[in-house]
Amino acid sequence: MNTQQFIKENFSYSGGFLTYNDGDDNHFIGRFKYVGKASAMKFANFLRKNFMTAEYLDRLDNGEAPLEVLESKGYCSPQMASLAKRWGYAPTLENAQRALVDQTNEDLVRMGEKPTMTYEKYKEYLARSA
């Protein structure tokens, strides 16, 4: 397997799947079933700037999900960035998680429930489940 940086021209997007050809093999990079090609290309750009091919592909081989791998280095998907902005936050992964808690609490209030989640509780929950 190639341990070089990802090369932009070696990515291919078709039918919701992003693949990468390293010269030897075509590798699965991610599935983008519910979002368009633009989201896949943002994903690929972040990947190129932050990962070597072997690092990313090894993590996938070890059972990590593509989004989980990129989020480990601060990637914020366009959809989550949009949620953060909607709540008045800068479009970062942490702010998107804050906005998710805010949105969940608002939804609970609208349904007549009492919100109990805070961002701090959310982070504790994530830490325990990791």
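Read on for an overview of the structure.

Quick notes on the rules
Every chain begins its residue count from 1, and numbering advances along the sequence as written. Confidence filtering applies because this is a predicted model: local features only for residues at pLDDT of at least 70, side-chain atom pairs given and counted only at 80 or more, and all residues used for totals across whole chains, interfaces and linings. Think of the side-chain values as coming from all heavy atoms in the structure, minus any hydrogens and water. Counting from the N terminus, the helices are the DSSP runs of H or I reaching at least four residues and the strands are the DSSP runs of E reaching at least two. Accessibility here uses a 1.4 Å probe with only protein chains present; expressed as a share of the type maximum, an area under 20% marks a residue as buried, one over 50% as exposed, and anything in between as partly exposed. Residue contacts follow a heavy-atom distance rule, with two residues in contact if any of their heavy atoms lie within 4.5 Å. The set of buried Ala, Val, Leu, Ile, Met, Phe, Trp, Tyr and Cys residues whose side-chain atoms join them within 4.5 Å is what this entry labels a nonpolar core. Every angle, taken between N-to-C directions, lies between 0 and 180 degrees, and every axis is a line fitted to C-alpha atoms, over only the stretch in contact when it is a helix. Crossings are classed by handedness, with left-handed meaning an anticlockwise turn of the near helix from the far one by less than a right angle and right-handed meaning a clockwise turn.

1. Brief notes about the side chain of Gln97
Stage number 1. Examined against the element boundaries, Gln97 turns out to sit in helix 5 (residues 93-110).
Stage number 2. Overall, the relative accessible area of 16% leaves Gln97 in the buried class.
Stage number 3. In this structure, Gln97 is in contact with Met80, Tyr119, Tyr122 and Leu126, ignoring residues within four places of it in sequence.

2. Details of the nonpolar core
Stage number 1. Ile29, Tyr56 and Leu70 are the most contacted members of the largest nonpolar core, which totals 18 residues.
Stage number 2. Taken together, the elements giving at least two residues each to this core come down to strand 2 (17-21), helix 1 (37-50), helix 2 (53-61) and helix 3 (66-71).
Stage number 3. The element that contributes the greatest number of residues to this core is helix 1, accounting for 5 residues.
Stage number 4. With 5 residues, the next largest nonpolar core counts Cys76, Ala84, Leu93 and Ala96 among its residues.

3. Re the packing of helix 4 (residues 78-86) against helix 5
Stage number 1. Axis separation between helix 4 and helix 5 bottoms out at 8 Å; the angle between their running directions is 65°. Regarding helix 4 and helix 5, the two cross each other, and that crossing is left-handed. Within the contact between the two elements, helix 4 uses Met80, Leu83 and Ala84 and helix 5 uses Asn95, Ala96, Gln97, Ala99, Leu100 and Gln103.

Geometric descriptors of this kind do not, in isolation, establish any biological role.
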